[in-house]
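Reading the structure
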Amino acid sequence: PRSSPLLVDDALEEDDEEGQGRGVPAIEREHVWRVYDAIAPQWHGTRYKAWPRVAEFARAVGGPGSLAIDVGCGNGKNGFAVCEGGALCCGCDVSRPLLEIARAQTERLRAYDCLDADAVALPFRDATFDAALNVAVLHHISTPARRRRLVAETFRVLAPNGRALFYAWALEQDEFEARSRRRFRAPDVLVPFHLRRHGEYFRPDADPPRHATLDPDKNALVLQRYCHVYERGELLALVLDAAGGPDCVAVDAAYYDQGNWAVAATKLRHQPSSHPPRPPDRDIATVPRDDRPADRPRASQIANAATTRPDPGEAPPPPTPQHRADDDLRDHPPASLLALLE
Amino acid sequence: MRLVTHNMMRSNVKDVSEDEGYPLIIEASEVKSEECEFNADVIRRLVPKMDYKALRDAAEKVDPESALPDELPDDVVDEALLRKLHHVLLEIHVVEGDLVCPKTGRRFQITNGIPNMLLHEDEL
């Protein structure tokens, strides 16, 4: 296996409990926040184009004077489609290095502002935006409670009749990707990213996360991104639940696109409370450690992405062609990721 | 950070209500003005979504010469006024400074035009 599960166990154990689960879990700090900070220039270099269906949504919601928020904006690539028709956009992300890139990229847009902000605690008033993008964020969130809070926050800042688009990685890659006959073995995985130690994106002074290992053959650091992959229906159920149920939200579309499950929805009405609905806090201190249920991923669930699922009667697929020189994944977990683990 | 964005923001510190946390107080150390293309339609549609008093107060603070009127008509059609609003909403950038929570006094730093609104553990 390319990565060690031991470190992940450590990361899980450090989870903040005094904060009643409100703090950022250690696994996200180390395997999402710190990873994106380290890989920002190289990641941006391979992802400058918005996905067509995301851009299509962005254009549809982005009329003149429309207010849009891009939750988890990364390098700001969705901003162009949003602002094309005269909309204004706030791009929020936790990664300052990515935001600096977004700022430079979006400078020529009439009104794109960047904010260093956590999607579970958006610094915006209720019912403010006409549109929200929430693309490729939810698969980096490690507990069901945090996912609910994050989606609820996105809905909170939407005005009634505001529209949201959610994208998150799909478990069932094999059903849709022609090249892939596999699926992830577990819903919570670590996905490698090869950070090149040479070339145009390399920053010698950058401080990589402590879990990074060296791949001497590729002259790259191997970083591990934490991902929760969504099974069919899971994202839809999450959106309905977190938005407050069918009285509060209308689902406009639910589909598969580029390795993601996607949900487009319209907020019907604003819930009166000014804070997102908080799930009942578990009394963590009194529950024996081993009995704690699914609110955090167990170490046993954290696994490298799956290898071949036995498919009786079918010839095994040919080995995936040469692993790409840059990132292992692009924006979706395709077959090439799985090939790394053989 | 443009004033249009500031107008939508509020303190996200826990136990600070919608009203208590708005508007954030701007303490700017560096402000710049950058021209961008004026579109009357955009500004006309945008203005009713703004909290005008907060906008006027913020403009007075960071661009004292902006001289916005005390009140706005329900539908702004006068081009000169639209252009003034365009300037205040979209062309003024707070590059460095702080946003201050009106209830707790918590300071959020703006660096290179990007406010840092990440909360500490005890503020979540």
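Residues numbered from 1 in each chain as written. Chains lettered and ligands numbered in written order. Predicted model: local features only at pLDDT ≥ 70, side-chain atom pairs only at ≥ 80, totals over all residues. Heavy atoms only, no water.

Quick notes on the overall build of chain B
- Along chain B, the regular secondary structure elements total four helices and four strands.
- For 124 residues, the compact-globule estimate of 2.2 N^0.38 gives 14 Å, and the C-alpha radius of gyration of chain B, at 15 Å, lies within 12% of that figure.
- Long-range contacts, defined as pairs at least 24 residues apart, comprise 65% of the intrachain contacts of chain B with a sequence gap of at least 6.
- Surface summary for chain B: the accessible area is close to 5,900 Å², and the carbon and sulfur share equals 44%.
- Across chain B, 15 positive and 27 negative side-chain charges occur, with their mean positions spaced 2 Å apart. (Helix = DSSP H or I, 4+ residues; strand = E, 2+ residues; numbered from the N terminus. Rg over C-alpha atoms; globule rule 2.2 N^0.38 Å. Contact = heavy atoms within 4.5 Å. Areas by Shrake-Rupley, 256 points an atom, 1.4 Å probe, with all protein chains shown as cover. Lys, Arg positive; Asp, Glu negative; His and termini not counted. Charge placed at Lys NZ, Arg CZ, Asp CG, Glu CD.)

Some words on the side chain of B:Arg56
- Tracing the backbone through its elements, the reader meets B:Arg56 in helix α3 (residues 52–62).
- Apart from residues lying up to four places away in sequence, B:Arg56 is in contact with B:Leu68, B:Pro69 and B:Asp70.

A few points about the confidence of the model for chain A
- Per-residue pLDDT for chain A has a mean of 77; in total, 70% of the residues score no lower than 70.
- With pLDDT under 50 throughout, residues 274–342 of chain A is counted as low confidence; its partners more than four residues away or in other chains account for 159 contacts. (pLDDT = per-residue confidence, 0-100.)

Description of the sheet that holds strand β4 (residues 114–115) of chain B
Residues and elements named next belong to chain B.
- Read across the sheet, four strands follow the order β1-β2-β3-β4 without closing on themselves; strand pairing throughout is antiparallel. Two strands in the sheet have a free side with no partner beyond their single neighbour: β1 (25–33) and β4.
- The strands that helix α4 (residues 79–91) touches are β1 and β2 (92–100); relative to β2, the one it contacts most, it runs at about 60°. (Pairing = 2+ DSSP bridges. Axes fitted to C-alpha atoms, helices over the stretch in contact; angles between N-to-C directions.)

Structural notes on the packing of helix α2 (residues 26–45) of chain A against helix α5 (residues 96–105) of chain A
Residue and element names in this part refer to chain A.
- At a minimum axis distance of 7 Å, the contact between α2 and α5 shows a crossing angle of 30°. Our classification of the angle between α2 and α5 gives roughly parallel. Contacts between α2 and α5 involve Tyr36, Asp37, Ala40, Pro41, Trp43 and His44 from the former and Arg96, Pro97, Leu98, Ile101 and Gln105 from the latter.
- Residues of the contact of α2 with α5, tallied by class, amount to seven nonpolar, two polar and two charged. (Parallel < 35°, antiparallel > 145°, perpendicular 65-115°, else oblique. Nonpolar A, V, L, I, M, F, W, Y, C, P; charged D, E, K, R; others polar.)

What to know about the pattern of salt bridges
- Enumeration according to the criterion identifies 28 salt bridges over all chains in this entry.
- With its nearest N and O atoms 3.5 Å apart, the salt bridge here joins A:Asp215 to A:Lys218.
- Its relative accessible area of 10% is what places A:Asp215 among the buried residues.
- The class of A:Lys218 is partly exposed, set by a relative accessible area of 29%.
- B:Lys103 is paired through a salt bridge with B:Glu20; the nearest N and O atoms lie 3.3 Å apart. Highlighted residues: B:Lys103 in the loop between β2 and β3 (107–111) and B:Glu20 in the loop between α1 (3–8) and β1, separated in sequence by 83 residues. (Salt bridge = Lys/Arg side-chain N within 4 Å of Asp/Glu carboxyl O. Buried < 20%, exposed > 50% of the residue type's maximum accessible area, 1.4 Å probe, protein only.)

Some thoughts on the confidence of the model for chain B
- Chain-level pLDDT for chain B is 96 on average; 100% of the residues reach the 70-or-more range.
- The complex model carries a pTM of 0.82, and its ipTM stands at 0.97.

Overview of the pairing of β3(B)
Residue and element names in this part refer to chain B.
- With burial as the criterion, only one face of β3 is covered, namely that bearing Phe108 and Ile110; the residues Arg107, Gln109 and Thr111 on the opposite face remain uncovered.
- As judged from the four bridges shared by β2 and β3, these two strands associate in the antiparallel manner. Counted as the bridge partner of glycine 97 is isoleucine 110 from β3.
- What sits between the antiparallel neighbours β2 and β3 is a turn of six residues, in which glycine 105 has the positive phi angle 80°.
- Strand direction decides the pairing type here: β3 and β4, joined by two bridges, are antiparallel.

Looking at the nonpolar core
- Counting 78 residues, the largest nonpolar core has A:Phe124, A:Leu235 and B:Leu85 as the members making the most contacts within it.
- Here this core takes six residues from α4(B), the largest share from any one element.
- Setting aside anything within four residues of it in sequence, one finds A:Phe124 in contact with A:Ile69, A:Cys90, A:Cys92, A:Leu115, A:Phe129, A:Arg156, A:Val157, B:Thr5, B:Met8, B:Met9, B:Arg10 and B:Glu18.
- Listed in part, the 28 residues of the second largest apolar core include A:Ala58, A:Leu109, A:Leu165 and A:Ala262. (Core = buried A, V, L, I, M, F, W, Y, C linked by side-chain atoms within 4.5 Å.)

Brief notes about empty space enclosed by the protein
Residue and element names in this part refer to chain A.
- On inspection of all chains with the given rule, the structure shows six cavities of 30 Å³ or more.
- Of the volumes computed, that of the largest cavity is approximately 520 Å³.
- Lining the largest cavity we find 33 residues, and of these Gly72, Asp93, Ala136, Val137 and His140 sit closest to its centre.
- At five residues, α2 tops the list of elements feeding residues into the lining of the largest cavity. (1 Å grid on protein atoms, 1.4 Å probe; cavity = no way out; pocket = protein on both sides within 12 Å on 5 of 7 lines; lining within 4 Å. Points joined across faces, edges and corners; volume = space filled by probe spheres on them.)

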